[in-house]
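Below, each chain spelled out in residue letters.
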Amino acid sequence: MLLRKLLPRYRLRAGKPADAPGLHAVYERAVRGLGRGVYSDAQIDSWVFANGPERYVAAMGEDGEIFEVAVARRRGIVGFSAYKDEELRSLYVDPDWARLGLGTALLRSAEARIAAAGHAKVVIGASLIGLPFYEARGYRVVAHRHWHSRGGLAIPAADMEKPLNQAPQERQMNF
Ligand SMILES: CC(C)(COP(=O)(O)OP(=O)(O)OC[C@H]1O[C@@H](n2cnc3c(N)ncnc32)[C@H](O)[C@@H]1OP(=O)(O)O)[C@@H](O)C(=O)NCCC(=O)NCCS
């Protein structure tokens, strides 16, 4: 019988500027480690080009993105999400922790907070790495497009969205 690897213990907490180096490390490891076979080496280099920890400080500050990080006792940050309004802007899981359910936990948590803020849907500019993951979690492709990465190459991507459950008082009553 094939046994599924268990997700090691971790906790979710709000991201803060001091997390920026850990966020950047997970981002780069995820894109390089999980993007192989989906994108070419040149596309991956272009994606990660000129991105550094300072971008996360700016995202939390003037850009107003809300970060949540998954922290494991020995490893530190092993995954994170970021959203603003109804848009999920980042979701990255360290390759060592991939396909254990952490991405789903981070996604569910972000969706719950986007819904609690009163939004009716979640929108995502998804990479082709994330596309099958999001489809399996109820998102649909609205448009295929190319994202112009910092390194200059166009990266195939997709706009995706998912309606959020309405609050109970807004549901249509059938009796
Ligand atoms: C997308 C991502 C966050 C998923 O994180 P994760 O922790 O591996 O996700 P989970 O373990 O919760 O879910 C795994 C499930 O997602 C789907 N999935 C994930 N990667 C997949 C792939 N390459 N092909 C097909 N399905 C995939 C499957 O349904 C899988 O379930 P399974 O392992 O039982 O088959 C992670 O792959 C990642 O960081 N990717 C690189 C960064 C990225 O592209 N992020 C999205 C940018 S918007």
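Everything here concerns the structure above.
A few points about the site of the ligand
Around the ligand sit 22 residues, and of these Leu91, Arg99, Gly101, Thr104 and Ser127 come closest. One of the backbone N or O atoms of glycine 101 is found 2.7 Å from an oxygen atom in the ligand. Taking arginine 137, its side chain carries an N or O atom lying 3.5 Å from an oxygen atom of the ligand. Protein contacts shield 80% of the accessible area of the ligand, which totals 930 Å² for the unbound molecule. When atoms are counted within 2 Å of each cavity's grid points, the one that captures over half of the ligand is the largest pocket. Those elements that place two or more of their residues in the shell around the ligand are α1 (20-35), β4 (87-93), α4 (102-116), β5 (121-127) and α5 (131-135). Residues that form the shell around the ligand fall into these classes: 13 nonpolar, six polar and three charged.

As for unusual backbone geometry
Glycine aside, residues mostly have negative phi angles, and peptide bonds mostly take the trans form. For alanine 50, which is not a glycine, the phi torsion comes out positive at approximately 60 degrees. Taking the relative accessible area as the measure of exposure, alanine 50 reaches 58% and is therefore exposed. Its identity is not glycine, yet arginine 99 carries a phi of approximately 60 degrees, on the positive side. Its place among the elements puts arginine 99 in the loop between β4 and α4.

Some words on the sheet that holds strand β7 (residues 154-163)
Spatially, the seven strands line up as an open sheet ordered β1-β2-β3-β4-β5-β7-β6, and their pairing is mixed. Only two strands of the sheet have a single neighbouring strand rather than two, namely β1 (11-14) and β6 (140-148). Strand-to-strand twist across the sheet, computed as the mean angle between neighbouring axes with direction ignored, equals 25 degrees. Across four bridges, the pairing between β1 and strand β2 (residues 66-72) is antiparallel. Following the sheet pairing, arginine 11 is matched in β2 by valine 71. Along the sheet face, helix α2 (residues 41-48) touches β4, β5, β6 and β7 and points at about 70 degrees away from the line of β7. Relative to strand β3 (residues 76-84), α4 is tilted by about 30 degrees, and along the sheet it contacts β1, β2, β3, β4, β5 and β7.

Each value, and the rule that gives it
- Residues numbered from 1 in each chain as written.
- Predicted model: local features only at pLDDT ≥ 70, side-chain atom pairs only at ≥ 80, totals over all residues.
- Heavy atoms only, no water.
- Near = heavy atom within 4 Å.
- Polar contact = N/O pair within 3.5 Å; in protein donor to acceptor, adjacent residues only side chain to side chain.
- Areas by Shrake-Rupley, 256 points an atom, 1.4 Å probe, with all protein chains shown as cover.
- 1 Å grid on protein atoms, 1.4 Å probe; cavity = no way out; pocket = protein on both sides within 12 Å on 5 of 7 lines; lining within 4 Å.
- Sits in = over half its atoms within 2 Å of the grid points.
- Helix = DSSP H or I, 4+ residues; strand = E, 2+ residues; numbered from the N terminus.
- Nonpolar A, V, L, I, M, F, W, Y, C, P; charged D, E, K, R; others polar.
- Buried < 20%, exposed > 50% of the residue type's maximum accessible area, 1.4 Å probe, protein only.
- Pairing = 2+ DSSP bridges.
- Axes fitted to C-alpha atoms, helices over the stretch in contact; angles between N-to-C directions.
- Contact = heavy atoms within 4.5 Å.

In short, the description is geometric, and any link to function would need to be established separately.
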